[in-house]
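Overview (structure and organization)
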Amino acid sequence: MSCWQTVQDYGLRAIGSGERLLPREDFTLCQQFTLIGSGMIWNIYFGLLALGIGFVLATGLAVAKGSAIRWLRKPAEWFIFLFRGSPLFIQFFFAYFFFLNLKSQAAFFDPFTAAWLGALIVLFLNTAAYSGEIFYGALRSVPKGDVEAADAYGMSGWPRFRRVVWPTMLRLAWPAYTSEAIFLFHATTLVFFSGFPAWQQRGDALYYASYFADKTFNPFIPYPILALYFILFTLVIVACFGLVNRRLNRHIPPERRQRMRLRPNLIR
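Below you will find a few notes about this structure. (Residues numbered from 1 in each chain as written. Predicted model: local features only at pLDDT ≥ 70, side-chain atom pairs only at ≥ 80, totals over all residues. Heavy atoms only, no water.)

1. Quick look at the packing of helix H2 (residues 29-65) against helix H9 (residues 222-248)
The criterion, for reference: Note on definitions: angles span 0 to 180 degrees between N-to-C directions of axes, and those axes are lines fitted to C-alpha atoms, for helices only across the stretch in contact. Numbering goes from the N terminus for both helices and strands, where a helix is a DSSP run of H or I of at least four residues and a strand is a run of E of at least two. Note on angle classes: values under 35 degrees are labelled roughly parallel, values over 145 roughly antiparallel, values of 65 to 115 roughly perpendicular, and the remainder oblique. Throughout, a crossing is termed right-handed when the near helix is turned clockwise from the far one, and left-handed when it is turned anticlockwise from it by less than a right angle. Between two residues, a contact is recorded if the distance between any of their heavy atoms is within 4.5 Å. Polar here means any residue other than Ala, Val, Leu, Ile, Met, Phe, Trp, Tyr, Cys and Pro, which are nonpolar, and Asp, Glu, Lys and Arg, which are charged; Gly is therefore polar.
Following both chains from N to C, one finds H2 and H9 inclined at 40°, their axes separated by 10 Å at the closest point. When the interaxial angle is binned, H2 and H9 end up oblique. Between H2 and H9 the crossing geometry is right-handed. Contacts from Leu29, Gln32, Phe33, Ile36, Gly37, Met40, Asn43, Ile44 and Leu51 in H2 reach Pro222, Ile225, Leu226, Leu228, Tyr229, Phe230, Phe233 and Phe241 in H9. Class assignment for the residues of the contact of H2 with H9 results in 14 nonpolar, 3 polar and no charged.

2. Remarks on helix H1 (residues 3-10)
To keep things clear, this is the line we draw: Whether a residue is buried, partly exposed or exposed follows from its accessible area with a 1.4 Å probe, protein chains only, as a fraction of its type maximum: under 20%, in between, or over 50%, in that order. The directions considered for the arc run from the helix axis to the C-beta atoms.
Along H1, the positions that sit buried rather than exposed are Thr6, Asp9 and Tyr10. Down the axis of H1, the buried side of the element spans an arc of 75°, and every buried residue falls inside it. Elements in contact with the buried residues of H1: H2.

3. Section: the state of the cysteines
Note the cut-off: Only a pair of cysteine sulfur atoms within 2.5 Å qualifies as a disulfide here.
Tallied over the full model, the rule gives 1 disulfide. Two residues, Cys3 and Cys30, share a disulfide whose sulfurs are 2.1 Å apart. Between Cys3 and Cys30 the disulfide shows an S-S torsion of about 85°. By sign, it is right-handed. Remark: Cys30 occurs in helix H2 and Cys3 occurs in helix H1; sequence separation between them is 27 residues. Here Cys30 falls in the buried class, since its relative accessible area comes to 16%.

4. Here we look at the packing of aromatic side chains
Threshold: In this analysis, rings of Phe, Tyr and Trp, with Trp reduced to its six-membered ring, are considered paired at centre separations within 6.5 Å, and the interplanar angle assigns stacked below 30 degrees, edge-to-face beyond 60, and tilted for intermediate values.
Within this structure, the stated rule accounts for 32 aromatic pairs. Relative to Phe112, the ring of Phe99 has its centre 5.3 Å away and its plane inclined at 45°; by these criteria the two rings are tilted. Note that Phe99 is positioned in helix H4 (residues 88-105) and Phe112 in the loop between H4 and helix H5 (115-140), a separation of 13 residues in sequence. As far as burial versus exposure is concerned, Phe99 and Phe112 are alike and both buried. Taking the centre distance of 5.3 Å and the plane angle of 85° together, the rings of Phe108 and Phe109 count as edge-to-face. Judged by its relative accessible area of 24%, Phe109 falls in the partly exposed class. These aromatic residues form a ring-pair network of at least three members: Phe55, Phe135, Trp166, Trp174, Tyr177 and Phe241.

5. Some remarks on the packing of H2 against helix H3 (residues 70-85)
Between two packed helices, the angle of one axis relative to the other and the distance separating the axes together describe the packing. Put simply, H2 and H3 touch, their axes get as near as 7 Å, and they point 125° apart. Judged by the angle between their axes, H2 and H3 are oblique. Handedness of the crossing formed by H2 with H3: left-handed. For the pair H2 and H3, contact is made by Leu57, Leu61, Ala64 and Lys65 and by Leu72, Arg73, Ala76, Glu77, Phe79 and Ile80, respectively. Considered class by class, the residues forming the contact of H2 with H3 number 7 nonpolar, no polar and 3 charged.

Here it is in structure tokens:
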């Protein structure tokens, strides 16, 4: 079988298209690259959706935590503390059994026990808590002069937040938020180890890497391939977030701009 035929048969297997049966013998590099790359579709799915939805919630959490209204501030503080204070791996297991109990009470919760929805909810809540704390720190660092200038122009409330406070908050938080986005993308590999079952037994990239490692008794080929894919997508994230960072700092003279540096979290 040619490599092109392998790509046609297994390139979209992770989402249910193409060959149903996995190869059983004569494992080639093309098969491993293709199937592990196919599994990356799920990692991208989890990462993009969790990051996008979590960004909206994180902004609300930051504003709520910085609010003087107690009934807004306290729930945001406890939410952030809960998800930042507990391991993500434990959150996966707790959420799975929680949704499993709800499923026994109502059939509506049946999709929540699957990885495509249940694990996604855990990831988006987790990244929202970490990003919310990042945005809250940036919100407190917004120069008072910017706010006073907005007041002098007659802006207040939502117009002031949308046109002055929020862009400045994003500009200050963006380097740290980039590291959070990278960590979230890497954390999608934990879905394979969580209790959430894969959709029709078609798992993510780690699922296929583990399959080849078990069948060939050689982990030094599939796992470096998996690492290579994540390194490439990390570079894509850095490039995309770098463009946004440049856009956010377009009004600052080039010599005063702070370059975005990649500082991944080694321990979390």
